[in-house]
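Read off the chains here:
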Amino acid sequence: MMNHFMILAVLLPLRTCHTTYSQQESDVFPVTYLNVSKDLDLQRLLVEWDVVKSAHDAELAISFEIQVRRTNEVVWTEFRNVTLDKLGKPLHWTWDSNIPLECMSHAVRIRSKAETSKIWSQWSLWETLPGLDTSNRSGPQIFPKEKVLAEGSNITLCCIGGKGQTIKEFSVYPTVDVVKRTKSQVRLLTVGNLSHDKGSNIHVYCSDEDKGSHEAAFFVGKPPDTPKDFSCQTQDMKRVTCTWRKEETYLYGRNSPQYTLSKTSSQKMALCEASCPEQCSCSWDIGQQRIWNVTVTVENPLGKKSATDVFDVKHRVYPTAPFQVWEDCRDTEMTLHWNYKNTEIELFCQTEVVQPDGKVELHNSSVADSRRVTVRGLRPHTEYTARVRCAAARHFWRWSEWSQPLTARTKEGTPSGKLDIWREITPVFGGRNVTLFWKQTPSFQANGKIISYEVTWEKIEDDSQPESISFSSVYNSTRIFLDNHSYRISVMAKNNVNFSLPSILIISRATDNSTEELKEGQVNGTDDGIFLSWEPRSIYDSYIIDWCNFPRLQPCDLQWKRFGPNISSAVISSAAFVPGVRYKFHIYGSVASRASLLEKKIGYLKELPPHLDPIVRKVDLTYNSVTLSWDSYLTNESEPGFVRGYHVYVSPIQGNCNLKGSKKHILSDESELCKYTIENPEEKRYTVKHLMPNTKYKIVVKAFTGGGETPIVNFRYIDTPYNLIVPMLVAAICHWKMKWVKEWCCPVIPSPNKSKVLSFKEFKMDSEKVLKINDCLPDTLAVDSNADAHNPVTWSPVSSTPTEDNTDGHNSSWIYSSENVARDFPPTATPQTHTCFENFAYSSPLGAESDPYQIPETLEAGKINQAVVLYQPQCYIDIFHEDAASAIRETGERKNSLKYISQTDVCWLGGRL
C-alpha cells in the first residue's frame, strides 16, 4: 500500500510537467509560408509570410524576428510586432539594400513568438534570391543600372566580372569622394555626398582581366520643390493664365521637370500645356465658368510636388497696360491722357511722375474709368518723365504693367529769386574800375532759358539818369568805370518771359583818407578745405568771403561765398585748390547791400617744403664753435608754405654726433646728425657750440614750413682750429712758476749804481756813476806793482783763495795796472798803478770757455769747476787820463771785453733763470 502511494507521488508531478510543456508547445506558431521577391528599381526586398490559421482566429499578438543574409553573412536583423486578425491575410515587410541586389545573393528567414509565450518557434528555411555573381556572364557588368541620383545622397556601385574573371579596374569620373572599395571578384565602390557642382553626370568604368569592360552613367540633381508664386488671372474675362516660378533641379532632357495644370477634381485631364522659358505659364479658355479650383503638378525622377489655387475670375482681373499716352503742359502743371483696351471693365489708374532730381511722385485718378490726370506744383521749364498703370476699380487684384514712359517739359515762367552778385574795385585815375560778377544760386530759379543779363548803375547823391547795359547769357562778369561818388548797382536775369528781381550792390564814395593797411593773418588747411574764422560784428547782416581759385593767373577766377550774421567761421573748399599754392581771402561785412573789408587771410590747402635753402654768407669759426649767418629768406607768394623757422644740422665727418643741446636726426642712409631748431623765422644767425678742436664737420642750414623741409643733399664742410688757449695758459703758469722759483732761490742782485757803496760824489760817465778809489774804504786791498800787473794772481775757485800773495786770509782781487788812475786826476808824467776790484759774491753767467777774463793758462788746465764761475767786474778804462789807449792795448791781450754784465743775467748752477 505504501509503495502504491509512493508511485502516485512520483507520477503526479510528472503528469503536471507534461501537461505544462504540452500547453507551451501549443503556443508556438511557426512560419508556414515565406516568399521573397525584389524591386530592382528601388533596390528593395519584398517579403511575404504567414502562420497557421489558428493564430489568426485567436487574433494573437505575435513577435517576428527577421534576418537578411548576404552571401554567408547576416547583414540585418529586425523585430516586428504584429496583431493578427481573422481575415487571415499574409504579412508583408520590405528591406532596402545598401548595395545593388544584383551583385550578391540575398536570403531571408523568419521565426515567431507569441507574446504569451517565452518560446521562439523554429527558424524558417532560408528563402534565397540569387545574385548575378552566380550567373553565367560573358563580361563585366555594373549595377545598379543607369539612374537619377539625388544631390547629397550616397550610392554603392558594384561590378561583377565575367565568369572566372577578376575585376582589374573600377573607377569613377569626374573624381568624387570615394568612401569604400572592396577587392574581390565582385567589387564594390561607394560614392558619398553627391553634388551637381562636380558635374551633372557621373561616369563609372569597369574592366576585367579578359579586357572586357562596361560603362554606366548616373545623373545627379534635385527633387522638385512646390511651385512658388502660383496664381491665376485674366485680362479680358475670357481667358485665364496661371503663372509660377521655375525652379532649378539640374536635371535636363528626359529627366527635366514635367509640369501639369489640371482641375483639382480631375487631375488626369490637363487644362493646358505649360511653357517655362523663364517663368512658367499656362493659359486656357474659361467659357462661362467663374469659379475655378486648379492644381499645378511638377514631377521628375526624384519626386513630385503640387500647388493649388482657387479663385473667382471677376476677382482676378489683371488689365493690359495703357497705351497712347500724351500730355498737355503749362508752366507749373501737366495733364496726361491715355487709352486702354478693357472697355468692359471699370478701371482706375495711377500716374508716376519722376522729378529731375530722381524723386518719384504718384498721383491717382479720382474718377473711375477716367482716362486722364492733372499733375500740379511742377516747376516751369523743367523736364519730367511720366507713365501710367491701371487696375480693376471694384475688385482690386494687381496693377497692370506700366505704359511706355513719356518725357515732357513744362513751359517757361518768370525767373524766381535773385542773382548772387559781387564786385572787385580797382582805384584808377579819376575814379575806380569796378568788375561785377554774378552767378545763379540754388535759390534762384531761371524758370526758362536765360537769354541776357541787365546791369544798371546810378549815382545815389543826385538825380542823374541811370546807365544800363545788357550782356549775353554766356557772360558772368563785366567791368564798368565809376567816378568817386556813391553808386547803386543792380543786375537782373532775363528769359523769354520776364526779368528776375534785381540784385542790389552799393559802391561807397571813394575818400582820400588813407586807411591803415590790414595785416594778413595766416590760416591753416584741413582735409576738407581751408579753415577761416573772423571776429563777428553785430552791425552786419551778412558776411562775404572772396578769393581767387587761380591766384597766379589773370583773370584769377574770383569766387565768393556769403554767410549769415551768426556765423564767424567757415571752411572754404574748391576743386581748384592744390597743395603748395598760397591763397588770399578777404572777409567783408555787409549791411544794406554795402560791404566793408574787415580782415585779410592767407593760407594753403597744404603746405609744402621750401623750394630753396637759406644762403649762408658768413661762417665764423673758433676751436669749439661755429657761427653761421645767412641771408633773409624770401617769403613771397610763390613760396609753397610759410617759413616757420630753420634747422641747423651738424655732424663730424668721422663718427656720430652727440653735441649738447641738440637732438638726433637720422637720414635715410642711417647716418646720424645733430639737429638744432630755430623757431623764429626772422633769425638770421646761429652759433653751434661744444665742437671739438681740430675736427672736420659737415653742416647745413634748412628752412622749414608747415609742410616740412626738403631732403638734405649738400653739406658745407668746416675745420675747427687748434685750441691755443691751453698751451698759452700752461706757458703762463710755467712762466709764473719759474719767476717764483728764481725769486725764492736766487734773489735779484741790485745794480752797483743802486748800492750805498757808490754814495760818493757823483762822477758820471754816460749816466753811470764812477767809483774813485779815494772815495772807497775797502777792507782789504792788494796793490801790485806796475810790473806785476801784467801777471795777475790766479784765483783758485776750489779754495776760493788766490794762488799767490794771500794776505791776512782775505781773498785778493784781480789787479790790473794802468798808466793813469782816473781821468779827473791831475795829469802827471809819472806812471801810476790802477786797480780793478772783484766781488767774489757774484757769479758769472759765462762758462770758462766764454769768460773774457780767464787766463789762458787757467783754461788750459781744464780743471775749473764750470758750475761756479766768478763774477767779472767792469773796468772803465776810459775814465783815466788821455793815455788810456795804451792801457787798453795792454789789457786787450788778456781779455776780449770789459763790458759790465748785469747780475740779472747771471746763470745759477749752470742754467739761465
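The coordinates are above.
Given the structure is predicted, the values throughout are model-derived calculations rather than measurements. (Residues numbered from 1 in each chain as written. Predicted model: local features only at pLDDT ≥ 70, side-chain atom pairs only at ≥ 80, totals over all residues. Heavy atoms only, no water.)

J.: I'm lost on the nonpolar core in this one. Help?
T.: Most often, soluble globular proteins have nonpolar side chains that are buried together. Formed by 42 residues in total, the largest nonpolar core has its most connected members in Phe230, Cys242, Leu261, Trp284, Val294 and Trp338. Among the elements that line this core, the one with the most residues is strand β28 (residues 383-392), at 5 residues. For Cys242, the contacting residues outside a window of four places in its chain are Phe230, Ser231, Cys232, Leu261, Cys280, Ser281, Cys282, Trp284 and Val294. (Core = buried A, V, L, I, M, F, W, Y, C linked by side-chain atoms within 4.5 Å. Buried < 20%, exposed > 50% of the residue type's maximum accessible area, 1.4 Å probe, protein only. Helix = DSSP H or I, 4+ residues; strand = E, 2+ residues; numbered from the N terminus. Contact = heavy atoms within 4.5 Å.)

J.: Is there a simple way to think about the environment of Ser632 in this case?
T.: Among the secondary structure elements, Ser632 is positioned in the loop between β45 (626-630) and β46 (643-652). On a C-alpha basis, the gap between Ser632 and Val616 in space is 9.9 Å, while along the polypeptide they are 16 residues apart.

J.: I tried to follow the sheet that holds strand β48 (residues 672-678) on my own but got confused; where do I start?
T.: Picture the strands of a sheet paired through backbone hydrogen bonds; they go either parallel or antiparallel. Spatially, β47-β48-β46-β50-β51 is the arrangement adopted by the 5 strands of the open sheet, whose pairing is antiparallel. Whereas interior strands pair on both sides, the edge strands pair on one side only; in this sheet they are β47 (663-666) and β51 (716-719). Ignoring which end each strand starts from, the neighbouring axes of this sheet average 35° apart. Alignment of strand β50 (residues 696-705) against β51, held across 4 bridges, turns out to be antiparallel. Considered in β51, the bridge of Lys696 is made with Asp719. (Pairing = 2+ DSSP bridges. Axes fitted to C-alpha atoms, helices over the stretch in contact; angles between N-to-C directions.)

J.: Sorry if this is basic, but what is going on with the environment of Glu273 here?
T.: You can see Glu273 is positioned in the loop between β19 (266-272) and β20 (279-285). Sequence separation of Glu273 and Ser262 is 11 residues, and the distance between their C-alpha atoms is 9.8 Å. Those residues in contact with Glu273 that lie beyond four places of it in its chain are Ser281 and Cys282.

J.: In this structure, what is going on with the pairing of strand β37 (residues 520-525)? I would like to understand it.
T.: Along a regular strand, successive side chains alternate from one face of the sheet to the other. With 4 bridges joining them, β37 and strand β43 (residues 594-604) adopt parallel strand pairing. Residue pairing in the sheet places Gln522 in a bridge with Ile602 of β43. Judged from the 2 bridges that link them, β37 and strand β38 (residues 530-533) form a sheet pairing that is antiparallel. Directly across from Gly525, in β38, lies its bridge partner Ile530. With antiparallel pairing between neighbouring strands as the criterion, β37 and β38 make up a hairpin whose turn holds 4 residues, including Gly529 at a positive phi of roughly 155°.

J.: What am I meant to see in the state of the cysteines here?
T.: Covalent bonding between the sulfur atoms of two cysteines is what defines a disulfide. Scanning the entire structure with this criterion turns up 8 disulfides. Paired by a disulfide, Cys103 and Cys158 hold their sulfur atoms 1.4 Å apart. Across the disulfide from Cys103 to Cys158, rotation about the S-S bond amounts to roughly -80°, and the bridge is consequently left-handed. With Cys103 in the loop between β5 (91-96) and β6 (106-114) and Cys158 in strand β10 (residues 155-160), the pair connects residues that are 55 residues apart, well separated along the chain. For the pair Cys103 and Cys158, a shared accessibility class is recorded, and that class is buried. Residue Cys159 pairs covalently with Cys206 via a disulfide, S to S 1.7 Å. Between Cys159 and Cys206, the disulfide has an S-S torsion of -85° and is therefore left-handed. Taken together, the residues Cys159 in strand β10 and Cys206 in strand β14 (residues 201-208) connect sequence positions 47 residues apart. By relative accessible area, which is 0% here, Cys159 ends up buried. The exposure class assigned to Cys206 is buried, which follows from its relative accessible area of 0%. (Disulfide = S-S within 2.5 Å.)

J.: Help me out: how do you make sense of a nonpolar patch on the surface in this one?
T.: A grouping of Tyr722, Leu724 and Met728 is seen on the molecular surface, where their side chains present a nonpolar patch of about 400 Å² in accessible area. Tracing the sequence through the fold places Tyr722 in the loop between β51 and α3 (725-745). On the basis of relative accessibility, which here comes to 61%, the residue Tyr722 falls in the exposed class. (Patch = residues over 30% accessible without salt bridge, like charges linked within 9 Å, V, L, I, M, F, W, Y side chains within 5 Å. Areas by Shrake-Rupley, 256 points an atom, 1.4 Å probe, with all protein chains shown as cover. Salt bridge = Lys/Arg side-chain N within 4 Å of Asp/Glu carboxyl O.)

J.: In this structure, what is going on with the pattern of salt bridges? I would like to understand it.
T.: Note on pairing: side chains with opposite charge can pair once their charged atoms come close. Tallied over the full model, the rule gives 25 salt bridges. Close ionic contact of Glu333 with Arg330 constitutes a salt bridge, the shortest N to O distance being 3.7 Å. Overall, Arg330 belongs to the exposed group, its relative accessible area being 52%. A salt bridge links Glu346 to Arg394; its shortest N-O distance comes to 3.8 Å. Of this pair, Glu346 sits in the loop between β24 (334-339) and β25 (347-354) while Arg394 sits in the loop between β28 and β29 (406-409), and the two are 48 residues apart along the sequence. The exposure class of Arg394 is exposed, given its relative accessible area of 69%. Counted as one network, the salt bridges with shared partners bring together Asp229, Arg245 and Glu247.

J.: How do you make sense of the sheet that holds β25 when you look at a structure like this?
T.: Ordered in space as β26-β25-β28-β29, the 4 strands form an open sheet in which the pairing is antiparallel. Each edge of the open sheet is held by one strand with a lone partner, namely β26 (360-364) and β29. Across the sheet, the axes of successive neighbouring strands diverge by a mean angle of 30°, strand direction being ignored. Here β28 pairs with β29 via 4 bridges, running antiparallel. Following the sheet pairing, Glu383 is matched in β29 by Arg409.

J.: What's the story with the environment of Ser262 in this structure? I'm lost.
T.: With respect to the element layout, Ser262 can be found in strand β18 (residues 258-263). Using a relative accessible area of 2% as the deciding quantity, one classes Ser262 as buried. Separated by 33 residues in sequence, Ser262 and Thr295 have C-alpha atoms that sit 5.5 Å apart. In this structure, Ser262 is in contact with Gln267, Met269, Ala270, Leu271, Asn293, Val294 and Thr295, ignoring residues within four places of it in sequence.

J.: I keep staring at the pairing of strand β17 (residues 239-245) and nothing clicks. Help me out?
T.: Here strand β16 (residues 228-234) runs beside β17; their pairing, made up of 5 bridges, is antiparallel. What sits directly across from Gln233, in β17, is Thr241. Counted along the chain from β16 to the antiparallel partner β17, the turn is 4 residues long, and its residue Met237 has a positive phi close to 65°. Summarising the sheet, β17 and β20 pair through 7 bridges and their orientation is antiparallel. The residue of β20 that forms the bridge with Thr243 is Ser281.

J.: I would appreciate a short explanation of unusual backbone geometry in the present structure.
T.: Negative phi characterises most residues that are not glycine, and trans characterises most peptide bonds. In this structure, Pro144 follows Phe143 across a cis peptide bond, with omega equal to 0°. Mapped onto the secondary structure, Pro144 falls in the loop between β8 (141-143) and β9 (148-150). Of the consecutive residues Gln554 and Pro555, the connecting peptide bond is found in the cis state with omega at -5°. One non-glycine residue, Gln43, lies in the positive phi region at around 50°.

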